[in-house]
Amino acid sequence: MLEVRDLKISYGQIEALKNVSIQVGRGEFVGVIGANGAGKTSLLMALSGAVRAGGGSVVFDGEEVTHLPQHLRVGRGIAIVPEGRQVLGPLTVMENLELGAYQRRAEARAVIARDRDMILDLFPILRQRARQLAATLSGGEQQMLAIGRALMSRPRLLLLDEPSFGLAPMVFAEILATLRRLHAEGLACLMVEQDAHVTLETTSRSYVFRTGQVIMEGSSSELREGGLVLVEESYLGSG
Ligand code: ATP
């Protein structure tokens, strides 16, 4: 479904990604782990179209999207739940969800309203908070809203940047359970996380990044059983 080949990202002199090649199969749940600065966020930004690729290619469903603007990628079925959630604080929960459907504004209101209802069923706490300003939500509720907003575009691939950030383990566990449910219903997910244990338990395949490169990849259960020591070394090594 997603085929990334030799992707390069640079910020001036800094090479954040060096020839990264990864794949996500249809309906697969794939993890990317690595220490701070390994290039995980840069990868997701490049896949969503928020930063420009300096080389390589991104193919989604057989179509080259490497240089496609972000809004057109959303239309193709790639949605991102960004680092730090980035919900719009002065807007209500409902308004944030509406924004997620911006690319679908030509569709019938009733179709969009039905999707919004499905998302509010998925995260019942958001239904209770529907008229509340996003800024007043807890961290966990904001993360749910960020996921809900991304789902409003009806993605086929969901990019998740560090969804555990700043959340209590219990709260994140609840969010993970919902992500697993979405995945079971056929949504492909690419999740970037610093927490290797949680990632390897949740995903079927993972990539380990270090200083802008893939240094290990494999089934998450193999990485968990055989290679976690190596995974941990990769963290220590990247300082
Ligand atoms: P983190 O978990 O801390 O977000 P990461 O693995 O997501 O780390 P990136 O944020 O992709 O890593 O950063 C990769 C490298 O690129 C780092 O060395 C970082 O300092 C650098 N970098 C990221 N964004 C920029 C930017 N806008 N300008 C300059 N350098 C940047």
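The structure we're discussing is the one just above.
Residues numbered from 1 in each chain as written. Predicted model: local features only at pLDDT ≥ 70, side-chain atom pairs only at ≥ 80, totals over all residues. Heavy atoms only, no water.

(A) Quick look at the overall build of the chain. Looking only at helices and strands, the chain features 10 helices and 10 strands. The C-alpha atoms of the chain give a radius of gyration of 17 Å, which matches the 18 Å a tight globule of 239 residues would have. Taken over the C-alpha atoms alone, the chain extends approximately 50 × 40 × 35 Å along its principal axes. Looking at the chain residue by residue over its 239 residues, the buried ones come to 51%. Across the chain, every contact between residues at least 6 apart in sequence was considered, and the portion connecting residues at least 24 apart equals 69%. With the model as given, the accessible surface of the chain reaches about 11,000 Å², and the carbon-plus-sulfur share is 52%. Between the mean site of the 25 positive side-chain charges and the mean site of the 27 negative ones, the chain shows a separation of 7 Å. (Helix = DSSP H or I, 4+ residues; strand = E, 2+ residues; numbered from the N terminus. Rg over C-alpha atoms; globule rule 2.2 N^0.38 Å. Buried < 20%, exposed > 50% of the residue type's maximum accessible area, 1.4 Å probe, protein only. Contact = heavy atoms within 4.5 Å. Areas by Shrake-Rupley, 256 points an atom, 1.4 Å probe, with all protein chains shown as cover. Lys, Arg positive; Asp, Glu negative; His and termini not counted. Charge placed at Lys NZ, Arg CZ, Asp CG, Glu CD.)

(B) Broad picture of the site of the ligand. By nearness alone, 13 residues border the ligand, and N36, G37, G39, T41 and S42 come closest of all. The side chain of N36 places a nitrogen or oxygen atom 2.7 Å from an oxygen atom of the ligand. Here K40 contributes a side-chain N or O atom positioned 2.9 Å from an oxygen atom of the ligand. Computed on the free molecule, the ligand has an accessible area of 630 Å², of which 62% lies beneath the protein chains in the complex. Secondary-structure elements contributing two or more residues to the shell around the ligand are β2 (14–24) and α1 (40–48). Counted by class, the shell around the ligand contains 5 nonpolar, 6 polar and 2 charged residues. (Near = heavy atom within 4 Å. Polar contact = N/O pair within 3.5 Å; in protein donor to acceptor, adjacent residues only side chain to side chain. Nonpolar A, V, L, I, M, F, W, Y, C, P; charged D, E, K, R; others polar.)

(C) View of the packing of aromatic side chains. For the coordinates displayed, the defined rule picks out 0 aromatic pairs. Positioned over the ring face of Y102 is R105, at 4.1 Å from the centre of the ring. (Phe/Tyr/Trp six-rings, centres within 6.5 Å; stacked < 30°, edge-to-face > 60°. Lys NZ or Arg CZ within 6 Å of the ring centre and 35° of its normal.)

(D) Main features of the sheet that holds strand β7 (residues 157–161). Pairing in this open sheet of 6 strands is mixed, and the strands run β6-β7-β8-β3-β9-β10 from one edge to the other. Edge positions in the sheet fall to β6 (78–81) and β10 (213–219), since each has one partner strand and no second. Across the sheet, the mean angle from the axis of one strand to that of its neighbour is 15 degrees, orientation sign disregarded. Of the pairings in the sheet, the one linking β7 to strand β8 (residues 188–193) comprises 5 bridges and is parallel in character. Directly across from L160, in β8, lies its bridge partner M191. With respect to the sheet, helix α6 (residues 139–151) is in contact with β6 and β7, its orientation differing from that of β6 by roughly 170 degrees. (Pairing = 2+ DSSP bridges. Axes fitted to C-alpha atoms, helices over the stretch in contact; angles between N-to-C directions.)

(E) Structural detail: the layout of surface pockets. Each pocket or cavity is described by its volume, and for the largest pocket that value is around 550 Å³. Considering the residues around the largest pocket, the lining is formed by 24 residues, among which Q70, V74, I80, P82 and R149 are closest to the centre. Listing elements by their share of the lining of the largest pocket, those giving two or more residues are α1, α2 (70–76), β6, α3 (93–100) and α6. Examining the composition of the lining of the largest pocket, we find that 4 residues originate from one element, α1, more than from any other. Taken together, the residues that form the lining of the largest pocket break down as 13 nonpolar, 8 polar and 3 charged. Approximately 410 Å³ is the volume found for the second largest pocket. The wall of the second largest pocket is formed by 17 residues, among which M118, L151, L182, E185 and L187 lie closest to the centre. Of all the secondary-structure elements, those providing two or more residues to the lining of the second largest pocket are α4 (109–122) and α7 (169–184). The biggest single contributor to the lining of the second largest pocket is α4, with 5 residues. (1 Å grid on protein atoms, 1.4 Å probe; cavity = no way out; pocket = protein on both sides within 12 Å on 5 of 7 lines; lining within 4 Å. Points joined across faces, edges and corners; volume = space filled by probe spheres on them.)

(F) Representation of the environment of G218. Position of G218 among the secondary structure elements: in strand β10. The spacing of G218 and N36 is 182 residues in sequence and 21 Å in space, taken between C-alpha atoms.

(G) Just the nonpolar core, in detail. If you look at the biggest cluster of nonpolar residues, it comprises 36 residues, and the most contacted ones within it are L145, I147, L151, L158, L160 and L179. Where this core is concerned, the elements lending two or more residues are β6, α3, α4, α6, β7, α7 and β8. It is α6 that contributes the most residues to this core, 6 residues altogether. Here L151 is in contact with I119, L122, L158, L182 and L187, once residues within four sequence places are set aside. Counting residues in hydrophobic clusters, the runner-up holds 31 residues, among them V4, L17, V24 and L157. (Core = buried A, V, L, I, M, F, W, Y, C linked by side-chain atoms within 4.5 Å.)

Treat this as a map of the structure, not an account of what it does.
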